[in-house]
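Structural overview for review
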Amino acid sequence: MLDPKDPYLIFEPTYPASLREKYLGIYIEEPNLDSLKSIPSFTLPTGSTLSDAQNKLPSSVVGSFSNGKTADIPVKKWDTGTPEFNGAAGTYTFEGSLGCLVQQLSFARQPLYGAGSSIKRERGGCGYLNPNNLTAKAVVTVTDTTVTPNPNPNPDPGTTTPVTPTPTPTTPAPATRSVQVIVTNPNSGQTAAAPITRDIGTDLPLRGVLYSANGQPVAGVPELTLLPNGTINIPASLPSGTYRLALNVVAPSGERLAGPPATLTVDAAGNATLNAELIDPYGVITDSATGRPIPGVKATLYWADTANNRAKGRTPNTPVVLPALPDFAPNQNADPQNSNAQGQYGWMVFPEGDYYILAEKEGYQPFDSRKSTTSATFDPDSYIRDGNIHVGQTIAEYSFAMDPNTRPYTAYMRGYPDGTFQPQRSVSRAELAAILNRTMQKKDVVDSAVVFNDVSLGKWARADILAAVEQGWMRGTSSTRFEPDRAVTRAEMAQILMNVYQWTPAASTASSFSDVNGHWASRAIAAAASQGVLSGYSNGTFRPDQPLTRAETVVLINRLTQRPSAPELPVTWSDVPSSASAYGDIMAASLDHSSPVD
């Protein structure tokens with residue numbers, strides 16, 4: 001039978017068509033090879049042959065598969081180094097072609113072929129590798145060596161010259177210098193007295209490739225490792241300039257994860273500084289209506305459907321299987337995961353990948369980052385664009401807001417102490433000033449020095465009246481009077497709304513209403529009518545000087561602010577039965593409540 005400990009096989013109790021005729025139902029799925037464990041570099045003396053180098057190269061490499069398992073993969077062939085290996089001093093990169101694993105599988109025959117009998121077949125091929133097979137790479141450095149010649153090459157005949165054995169030359173280690181890493185907190189911009197990996201696990205190693213200003217790896221510089229004491233050793237001969245160090249976090253599984261941005265600067269005197277950001281992998285999920293963080297959101301990270309992912313053998317629209325990071329609170333890098341009490345979630349992800357996020361929580365509309373208009377660029381090769389979260393070598397921060405299924409509304413007009421709403425009562429100028437301040441978008445204005453003799457310091461609506469005047473929504477009836485208790489007419493309301501929304505006045509004073517021609521507010525009335533906000537009566541009149549009732553006001557304000565009617569709210573005011581024509585609008589305007597979002 002099949003070995004259940006096989007690290008790169010998955011078994012499911014199904015009956016594939018190809019095996020249904022001959023074998024018991026065993027389904028073999030070959031997971032993708034995601035990454036290879038790095039191969040330590042080594043040195044050789046000058047004059048070494050190609051066989052010298054290839055004899056030191058490993059016969060297999062450790063691969064990590066998409067099901068979280070690892071296995072030794074044979075190297076079929078180590079190709080000649082680049083530039084072509086010739087034994088001269090220099091650095092050579094060998095590339096290894098990966099071989100194919102062959103597994104002998106035993107299948108129990110069905111009773112049709114004899115009970116208890118079995119059949120064996122060999123499984124071969126490279127189906128478990130990515131379409132673009134990952135290439136094993138090893139760096140070989142050849143160093144210059146010099147042998148001291150014999151000082152007396154032609155001794156006198158008969159003279160015995162003691163022969164001093166020439167010691168085997170040793171390969172000197174390349175001269176390096178240690179650089180202390182300066183860690184910066186990306187949130188505060190301040191220097192952090194902490195390891196780069198403080199928030200995900202202080203024992204996690206960091207390794208990286210050094211890139212020049214033109215974006216190419218620096219020739220002759222091996223992969224750099226961040227040492228436990230917070231330093232990195234760089235070649236002493238590294239020329240002056242500014243370099244980018246693409247740091248990867250090495251997970252306990254050996255898989256590489258995108259790391260923080262880091263910059264190495266070497267001045268003309270050879271002094272070097274290395275600046276790196278503290279890894280902050282957290283995003284925050286907030287409520288779009290309140291701005292408050294949302295705990296308990298289930299967030300799932302998926303592989304995006306891109307050419308980049310497909311070329312690397314990643315299956316689009318499937319959850320990403322990430323390596324566990326035991327010290328990475330609160331979810332240890334799990335996918336999916338739930339946001340914590342502060343709305344935080346976080347993943348350390350694979351480099352050179354394209355991702356998207358789906359999130360869900362009861363009471364909220366599902367979130368899909370592919371539909372988001374968020375755009376951002378992270379130094380230097382990661383970005384969020386057109387719904388795609390692309391992670392190059394640098395981690396990308398992604399915070400987002402979720403829309404609640406209901407939207408909260410605050411009352412902007414209240415009833416009276418006797419439990420009535422008095423829908424047919426007129427609205428005073430002071431009341432309308434208060435309503436406008438509670439419902440309309442305000443712009444920044446310079447405080448005016450306007451003073452109305454009839455708006456005392458103790459007037460309940462004094463602040464609203466002054467604000468409405470400063471915003472340009474309302475004006476006094478004279479330079480010193482506002483008449484706060486006077487009823488607002490339909491004509492005044494048309495003019496006030498034109499002030500608020502900056503509608504273009506009608507070109508002509510002529511009106512379709514029989515009682516508006518020649519009226520001071522004729523153009524504002526025409527503009528309000530063209531906007532569909534105020535209409536006339538069936539007899540062709542507008543009644544411009546008729547006071548606006550409280551019921552008419554709430555219907556008008558609700559329509560302008562797109563506040564939905566709320567007929568489902570219980571009867572609250574004794575003079576507004578559920579059968580009243582404006583019941584839903586009056587309830588929506590006068591009670592704090594939440595309404596479903598379309």
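Refer to the structure printed above.
It should be emphasised that the depicted structure is a prediction, and the values quoted were computed from it without experimental measurement. (Residues numbered from 1 in each chain as written. Predicted model: local features only at pLDDT ≥ 70, side-chain atom pairs only at ≥ 80, totals over all residues. Heavy atoms only, no water.)

1. Observations concerning the overall build of the protein
- Along its length, the protein carries nine helices and 30 strands.
- Looking at the 598 residues of the protein, the share that counts as buried comes to 43%.
- Taking as baseline every contact in the protein between residues at least 6 positions apart, the subset at least 24 positions apart corresponds to 66%.
- When the accessible surface of the protein is totalled, it reaches about 31100 Å², and 51% of it is carbon and sulfur. (Helix = DSSP H or I, 4+ residues; strand = E, 2+ residues; numbered from the N terminus. Buried < 20%, exposed > 50% of the residue type's maximum accessible area, 1.4 Å probe, protein only. Contact = heavy atoms within 4.5 Å. Areas by Shrake-Rupley, 256 points an atom, 1.4 Å probe, with all protein chains shown as cover.)

2. Quick look at the sheet that holds strand β10 (residues 136–143)
- The mixed open sheet is built from six strands, whose spatial order is β3-β5-β6-β7-β10-β4. Pairing within the sheet leaves two strands with one partner each, and these edge strands are β3 (33–36) and β4 (42–45). Each neighbouring strand pair of the sheet contributes to a mean axis angle of 45°, computed without reference to strand direction.
- Bridge analysis of strand β6 (residues 70–78) against strand β7 (residues 90–98) gives three bridges, and the strand direction is antiparallel. Residue pairing across strands places W78 opposite G96, the latter belonging to β7. (Pairing = 2+ DSSP bridges. Axes fitted to C-alpha atoms, helices over the stretch in contact; angles between N-to-C directions.)

3. Details of the pattern of salt bridges
- Enumeration over the complete set of coordinates arrives at 13 salt bridges.
- For D381, the salt bridge goes to R244, with nearest N and O atoms at 4.0 Å. Of this pair, D381 sits in the loop between β25 (376–378) and β26 (382–385) while R244 sits in strand β15 (residues 241–250); the two residues are 137 residues apart in sequence, bridging distant segments of the chain.
- The class for R244 is partly exposed, based on a relative accessible area of 21%. (Salt bridge = Lys/Arg side-chain N within 4 Å of Asp/Glu carboxyl O.)

4. Observations regarding the pairing of β6
- Pairing geometry for strand β5 (residues 60–65) and β6, over five bridges, is antiparallel. Looking at β6, one finds that S64 is bridged to T70.

5. Remarks on helix α7 (residues 522–530)
- Those residues of α7 lying buried are S522, A524, I525, A527 and A528.
- Elements in contact with the buried residues of α7: α6 (490–501).
- Count one or two residues on from α7 and you reach G532, which has phi positive near 75°.

6. Here's the deal with the packing of helix α4 (residues 429–439) against helix α8 (residues 550–561)
- For the pair α4 and α8, interaxial distance at closest approach is 12 Å and the crossing angle is 20°. In terms of their interaxial angle, α4 and α8 are classed as roughly parallel. At the point where α4 passes α8, the crossing takes the right-handed sense. Two secondary-structure elements touch here, α4 through E431, I435 and T439 and α8 through R550, T553, I557 and T561. (Parallel < 35°, antiparallel > 145°, perpendicular 65-115°, else oblique. Left-handed = near helix turned anticlockwise from the far one by under 90°.)

7. Observations regarding the packing of aromatic side chains
- Across all of its chains, the model carries twelve aromatic pairs by this definition.
- Look at Y345 and W347: their rings are 5.3 Å apart centre to centre, the planes differ by 75°, and that puts the pair in the edge-to-face class. In terms of burial, Y345 and W347 fall into one category: buried.
- For the pair Y398 and F400, a centre-to-centre distance of 6.0 Å together with 45° between the ring planes defines the contact as tilted. In this pair, the class of Y398 matches that of F400, namely buried.
- A network of ring pairs unites the aromatic residues Y345, W347, F367, Y398 and F400 as a single cluster.
- The ring centre of F421 lies 4.3 Å from the NZ or CZ of R550, which sits over that ring. (Phe/Tyr/Trp six-rings, centres within 6.5 Å; stacked < 30°, edge-to-face > 60°. Lys NZ or Arg CZ within 6 Å of the ring centre and 35° of its normal.)

8. Considerations on the sheet that holds strand β22 (residues 344–346)
- Spatial strand order, β22-β19-β28: three strands in an open sheet with mixed pairing. Each having just a single partner strand, β22 and β28 (400–402) make up the two edges of the open sheet. Each neighbouring strand pair of the sheet contributes to a mean axis angle of 35°, computed without reference to strand direction.
- Bridge count between strand β19 (residues 282–287) and β22: three bridges; the pairing is antiparallel. Its bridge partner being in β22, Y282 is matched across the sheet by G346.

Keep in mind that these numbers describe shape and distance, not what the molecule does.
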